[in-house]
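One-letter residues, chain by chain:
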Amino acid sequence: MSRPRVVVVGAGMAGLTAAHQLLKQCDVVVLDKGRGVGGRLATRRIGDATLDHGAQFITTHSAEFALIVDRWVNDGVVAPWFRGRIGPEGALDPDGHTRFRGSVSMNAVAKNLAAGLDVRTASQVAALARDAESWRVTLVDGSELAADVVLATAPVPQTIALLENGDVVLTSSDAAALNAIAYDPCIALMAVLDGPSGLTEPGAVDPDGGPIDWMADNQLKGISPVPAVTIHATPDFSCALWDASDEAITEALLDAAQLHSAVISGSVQIQRWLYARPSVEHPERFLRLSDLPPFVCAGDAFGGAKVEGAALSGAAAAREIESTLGRNA
Ligand SMILES: Cc1cc2nc3c(=O)[nH]c(=O)nc-3n(C[C@H](O)[C@H](O)[C@H](O)COP(=O)(O)OP(=O)(O)OC[C@H]3O[C@@H](n4cnc5c(N)ncnc54)[C@H](O)[C@@H]3O)c2cc1C
């Protein structure tokens, strides 16, 4: 019997976790529109600096994910960064949870996870259409893949658009469940400095007010050989200045951080994360769409934001697919 063909849309934490699990039983292809893997596990190089500009750290609140992170620690993929909650002045308020960083970078965690998988980057899906009992996945370059099962881990509004492009009609309850999911945006600023950032160990602050949600010194974090900061704007600031020029955003955030004079000219980059973090989540770890060939939606908007939620969602979605295929065999 031929193995079931599964197409996973998205090579972030959810998609990569699921793909690993499904590999035993299925032929799995992971498609991502990005130049590399990782999605919001994102790292950028500017000159000699290395800056994590999406997820900053990984925490574990479940035994299932703690086991995975333990393995990553043993394999040298992640390392403890600090333990406790960062306060507005950078002091630690103990909450019993270690914050893990990628040993090299957050993106390297995803690269490690992608090893051994058939991951196709620079492969943007344009439409997901149903055939009688299977799926047709059309890429923007016009190429097509056939799949018995689709696992969609892109931010949910993007998954809805792909289904609409394929003329897929959802049941009213599935449409309502997907349309209820919402995300906050986040503008991230990255800048290389010509001297210390002024932050103290472990190298981050979580301000109480103002436009800055979080600021980290990537050198103190242990991933950059030179001083370089990542600043995340609050959702309110990000909404208000979404369409502003990079220069206006830079001015406002560097003012708030009081870092103007330390920034190396020409080293600032801005990333706009439209779907940064889910603000309204689906209550379950995945959603299997009804009355269609097997199609499962997963990702951090399903039962738990953050890297941990994405991983657990991917794992739960893979189990659902395995049991669906078992039932259909
Ligand atoms: C600024 C910021 C800070 C954060 N900080 C933290 C933190 O400190 N700790 C924490 O735990 N979490 C944090 N998070 C959240 C964390 O990054 C996410 O919860 C997690 O990485 C989501 O993984 P995912 O696989 O669900 O989605 P994603 O990582 O978004 O993966 C989805 C993938 O789908 C791909 N895709 C989308 N559309 C298509 C298409 N049409 N065709 C092909 N591919 C497509 C995208 O390119 C992407 O790679 C942060 C997020 C942001 C943005």
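What you see as residue numbers is a count from 1 along each chain, following the sequence as written. With the structure being a predicted model, the display of local features is reserved for residues of pLDDT at least 70 and the display and counting of side-chain atom pairs for 80 or more, all residues being used for whole-chain, interface and lining totals. With hydrogens and water stripped out, all remaining heavy atoms of the structure feed into the side-chain values.

Caption draft 1: Quick peek at the nonpolar core. In terms of nonpolar packing, the biggest core is built from 40 residues, with Met 13, Val 28, Ile 58, Phe 65, Trp 72, Val 78 and Leu 151 touching the most fellow members. Helix numbers and strand numbers start at the N terminus; a helix is a DSSP run of H or I with at least 4 residues, a strand a run of E with at least 2. Breaking this core down by element, the ones donating at least two residues are β1 (5-9), α1 (13-22), β2 (27-31), α2 (63-74), α3 (106-114), β11 (149-152) and α9 (306-328). The dominant element in this core, judged by the number of residues it contributes, is α9, at 8 residues. Whether two residues touch is decided by their heavy atoms; if any such pair falls within 4.5 Å, the residues are in contact. Aside from chain neighbours lying at most four places away, what touches Val 28 is Val 6, Val 8, Ala 19, Leu 22, Leu 23 and Asp 118. Note on terminology: a nonpolar core comprises buried Ala, Val, Leu, Ile, Met, Phe, Trp, Tyr and Cys residues joined through side-chain atoms within 4.5 Å. Each residue gets one of three labels from its accessible area relative to the maximum for its type: buried under 20%, exposed over 50%, partly exposed in between, using a 1.4 Å probe on protein chains only. Within the second largest apolar cluster, 29 residues are counted, among which are Trp 135, Ala 177, Leu 289 and Ala 301.

Caption draft 2: Layout of the environment of Ile 231. Assignment of secondary structure puts Ile 231 in strand β15 (residues 228-233). As a C-alpha pair, Ile 231 and Ala 204 span 27 residues in sequence and 9.7 Å in three-dimensional space. Ignoring any residue separated from it by four or fewer positions in sequence, one finds Ile 231 in contact with Ile 187, Ala 188, Leu 189, Ile 212, Trp 214, Met 215, Leu 253, Leu 254 and Ala 257.

Caption draft 3: Inspection of the domain arrangement of the protein at higher detail. Domains are outlined according to an automatic or database domain assignment. Parsing the protein into structural domains produces domain 1 (5-35 + 121-181 + 281-328) and domain 2 (183-278). Summarising the inter-unit geometry, the C-alpha centres of domain 1 and domain 2 are found 32 Å apart. With 9 residues of domain 1 at the interface, the matching set in domain 2 holds 4 residues. We define a salt bridge as a side-chain nitrogen of Lys or Arg found within 4 Å of a carboxyl oxygen belonging to Asp or Glu. Summed over the shared surface of domain 1 and domain 2, the number is 0 salt bridges. Under this definition, polar contacts are N or O atom pairs within 3.5 Å; protein pairs additionally need one hydrogen-donor-capable and one acceptor-capable atom, and for neighbouring residues in sequence, both atoms have to be side-chain atoms. Where domain 1 touches domain 2, the interface holds 1 residue pair in polar contact (both at pLDDT 80 or more). Residues that form the side of domain 1 that touches domain 2 fall into these classes: 6 nonpolar, 1 polar and 2 charged. Each residue gets one label: Ala, Val, Leu, Ile, Met, Phe, Trp, Tyr, Cys and Pro are nonpolar, Asp, Glu, Lys and Arg are charged, and the others, such as Gly, are polar.

Caption draft 4: Spotlight on the packing of α1 against α3. Where helices are involved, their axes are fitted lines through C-alpha atoms of the stretch in contact, as for all axes, and angles between N-to-C directions lie from 0 to 180°. Orientation of α1 relative to α3, taken along the N-to-C sense of each, is 25 degrees, at an axis distance of 9 Å. In terms of their interaxial angle, α1 and α3 are classed as roughly parallel. The crossing of α1 and α3 is left-handed. Seen from α1, the contacting residues are Met 13, Leu 16, Thr 17 and His 20; seen from α3, they are Val 109, Ala 110, Leu 113 and Ala 114. Residues belonging to the contact of α1 with α3 are distributed by class as follows: 6 nonpolar, 2 polar and no charged. Angular relationships are summarised with four words: roughly parallel below 35 degrees, roughly antiparallel beyond 145, roughly perpendicular across 65 to 115, and oblique for the angles in between. Helix crossings are classified by the rotation of the near helix relative to the far one: an anticlockwise turn of less than a right angle makes the crossing left-handed, while a clockwise turn makes it right-handed.

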